[in-house]
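Reading the structure
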Amino acid sequence: MTKFYPQNYIDSTYNIPFEELYNKGFRGLIFDIDNTLVEHGAPANAKAVELFKRLKKIGFKTMILSNNNERRVKSFAGSVASNYIHKAGKPKRKNYLKAMEIMGTDIKTSILIGDQLFTDIWGANRLRMNNYLVAQIDKKEEIQIVIKRFFEKPILYFYKKKNRGNR
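Here's a quick rundown of the structure. Model, not experiment: these values are computed from the prediction.

Reading the values: rules and limits
- Residues numbered from 1 in each chain as written.
- Predicted model: local features only at pLDDT ≥ 70, side-chain atom pairs only at ≥ 80, totals over all residues.
- Heavy atoms only, no water.
- Pairing = 2+ DSSP bridges.
- Helix = DSSP H or I, 4+ residues; strand = E, 2+ residues; numbered from the N terminus.
- Axes fitted to C-alpha atoms, helices over the stretch in contact; angles between N-to-C directions.
- Contact = heavy atoms within 4.5 Å.
- Buried < 20%, exposed > 50% of the residue type's maximum accessible area, 1.4 Å probe, protein only.
- Phe/Tyr/Trp six-rings, centres within 6.5 Å; stacked < 30°, edge-to-face > 60°.

What follows is about the sheet that holds strand β6 (residues 130-134). Read from one edge to the other, the open sheet built from 6 strands follows the order β1-β6-β5-β2-β3-β4, with strand pairing classed as parallel. With partners counted over all chains shown, the strands left at the sheet margins are β1 (8-10) and β4 (83-85), one partner each. When the angles between neighbouring strand axes are averaged without regard to direction, this sheet yields 25 degrees. Bridge count between strand β2 (residues 28-31) and strand β5 (residues 110-114): 4 bridges; the pairing is parallel. Counted as the bridge partner of I30 is L112 from β5. This element, helix α5 (residues 117-126), spans β5 and β6 of the sheet and lies at about 165 degrees to β6.

Right under this line is the structure:
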């Protein structure tokens, strides 16, 4: 089960200490969209747009890495002025590596930020990439994701038990 454990778990993408991470040498941020940055299927909102402006001002390169279709991903990425890869096939490693190549970063200087253990976090862990699991923004999701969440629950339970107080 530990292959699905995130390195970090936080309640919101918007509470990640990005300035601290930049000061530690991180330069590339790879984001999932749905339930990581906005509600599932929602367009980029003012909060997301402001976050990406802040990240660029800090000095980060950004990438949207989503298993969603191009129309959804391109629209969101355009609104936040970020590069993107759609139909990424997460948790396969290929597009995590491609994302870093495009950003000009590597595994040691990149962080994956997502809301799902079996796609986002497992893919990052397969590469030994730094990662943050964020609590899902909205409970309303497509049925295939609801099913995955059911299987994520025991893993998160044991992760939290092992890492009490580290949330």
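Structure's up, so let's keep going.
Turning next to α5. With respect to burial, α5 is a largely interior element, 8 of its 10 residues being buried. Along α5, the residues classified as buried are L117, F118, T119, D120, I121, G123, A124 and N125. One or two steps after α5, the chain reaches R128, where phi turns positive at roughly 60 degrees.

Turning our attention to the packing of aromatic side chains. Under the counting rule described, the total for this entry stands at 6 aromatic pairs. Centre to centre, the rings of F18 and F60 are 6.3 Å apart; their planes meet at 80 degrees, and the pair counts as edge-to-face. Taken together, the positions of F18 in helix α1 (residues 18-23) and F60 in the loop between α2 (46-58) and β3 (61-65) put the pair 42 residues apart, joining distant regions of the chain. As far as burial versus exposure is concerned, F18 and F60 are alike and both buried. Look at Y22 and F60: their rings are 5.3 Å apart centre to centre, the planes differ by 80 degrees, and that puts the pair in the edge-to-face class. Note that Y22 is positioned in helix α1 and F60 in the loop between α2 and β3, a separation of 38 residues in sequence. A relative accessible area of 21% means that Y22 is categorised as partly exposed. Residue class for F60 comes out buried when judged on its relative accessible area of 4%.

The omega torsion of the bond from K90 to P91 falls at 20 degrees, within 30 degrees of zero and hence cis. Considering the arrangement of structural elements, one finds P91 in the loop between β4 and α4 (94-103). Despite not being glycine, K87 shows a phi value in the positive range, around 40 degrees. Within the secondary structure, K87 sits in the loop between β4 and α4. Here R128, not a glycine, exhibits a phi torsion of approximately 60 degrees, which is positive. On the secondary structure map, R128 appears in the loop between α5 and β6. With relative accessibility at 74%, the residue R128 sits in the exposed group.

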